[in-house]
Amino acid sequence: MSEPVEGLVQEQHGAVLLLRLNRPEARNALTGAVINGIGAAVENAEADPQIRAIVLIGTGDRAFCSGMDLRAFASGEKIGLDSGPGAAYARLAKGETDIPVIGAANGTAIGGGLELLLGSDIIVASSAAKFGLPEVKRGLFPAGGGTNLGTRIPRAAAMELTLTGDLITAQRGYELGLINQVVEPEDVQSAALAFAERIAANAPLGLSAVKELVRLAQVDPTRAGERLGHWQSLVFSSDDAKEGAAAFVEKRAPVWHGR
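On a predicted model such as this, the values are computed, not experimentally measured, just so you know.

Scoring rules and cut-offs
Residues numbered from 1 in each chain as written. Predicted model: local features only at pLDDT ≥ 70, side-chain atom pairs only at ≥ 80, totals over all residues. Heavy atoms only, no water. Helix = DSSP H or I, 4+ residues; strand = E, 2+ residues; numbered from the N terminus. Expected span 1.5 Å × (residues − 1). Buried < 20%, exposed > 50% of the residue type's maximum accessible area, 1.4 Å probe, protein only. Right-handed = clockwise from strand over helix to strand, strands pointing away. Pairing = 2+ DSSP bridges.

**Student:** What exactly am I supposed to notice about helix H7 (residues 188–200) here?
**Tutor:** Structurally, the α-helix is built with 3.6 residues per turn, so residues lying three or four positions apart point the same way. Over its 13 residues, H7 runs 18 Å from end to end, which matches the ideal 18 Å to within 8%, given 1.5 Å per residue. Taken together, the buried positions of H7 are occupied by Val-188, Ala-191, Ala-192, Leu-193, Phe-195, Ala-196, Ile-199 and Ala-200.

What follows is the structure in structure tokens.
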């Protein structure tokens, strides 16, 4: 477990690491300290064979995350995303962590908050939450990953959201394929943890392979083809592959070792 960071709570639930943005008074806005704290937690989780999934959630029911804390930014706070924990955070935001991430939208996610949520592999959302990229309404554009929205939902819908800047409901997000499950506000964390536990019950190497290859198949098919051989050789000859077969034959739960 990483060192405690103000504004970030870490909890381990079996093989699942829960990271909770804990700045409800600021709509869970991101400071440099929180970004580095998330990055350090991701690094530690990737190095810990006992952690097989991450849940990312916010405190309260108003906002999952409102993006960057502009007050902290205006005060001159420096945020480095090129190395160390900052680079690990950047990988999380781009969906490039080694282990699966479940985003739990306990509240509204707009702008940078939605861009962070888009780094998740699976999204569970409160029925009361809203989502959007309103940057064009402020003379900007969603440069933190929002322009990749079309890799998650149909291009026409991605254009609608990014060109109008309008917000959508969780139900509309579900219908578009952005959100995997919509639940009552009080059930967001438990539903996200249930998803994470189902994932974490599976073989670690297989999870890593699937996470990378499915994402690459959408954003870089050539690279996906190149990486397929690597993962096939590694996973299909692994001890876990043998364990999976043996457990099936013996009608028991497998015991994974990640090798």
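**Student:** What exactly am I supposed to notice about the pairing of strand S3 (residues 53–58) here?
**Tutor:** Consecutive side chains of a regular strand alternate in pointing toward one face of the sheet and then the other. Of all six residues making up S3, six are buried, and the element is well covered by its neighbours. What you see with S3 is no split at all: Ala-53, Val-55 and Ile-57 on one side and Ile-54, Leu-56 and Gly-58 on the other are buried throughout. Between strand S2 (residues 16–21) and its parallel partner S3, the chain crosses via helix H1 (residues 32–47), and the hand of that crossover is right-handed. In this sheet, strand S5 (residues 101–105) lies alongside S3 in parallel orientation, the contact comprising four bridges. From the neighbouring strand, Ile-54 faces S5, where its bridge partner is Val-101.

**Student:** Help me understand the pairing of strand S1 (residues 8–13) in this model?
**Tutor:** By the bridge criterion, six bridges tie S1 to S2 in an arrangement that is antiparallel. Residue pairing for S2: His-13 is matched across the bridge by Val-16. Where S1 folds back on S2, the antiparallel hairpin that results is connected by two residues, among which Gly-14 adopts a positive phi of roughly 60 degrees.

**Student:** Looking at this structure, how should I read the sheet that holds strand S9 (residues 168–169)?
**Tutor:** Backbone hydrogen bonds are what pair the strands of a sheet, in a parallel or an antiparallel way. Sheet architecture is open: four strands sit in the order S4-S6-S8-S9, paired in mixed fashion. The sheet terminates laterally at strand S4 (63–65) and S9, the two strands that pair on one side only. Bridge analysis of strand S6 (residues 108–110) against strand S8 (residues 130–132) gives two bridges, and the strand direction is parallel. Of the residues in S8, the one forming a bridge with Ile-110 is Gly-132.

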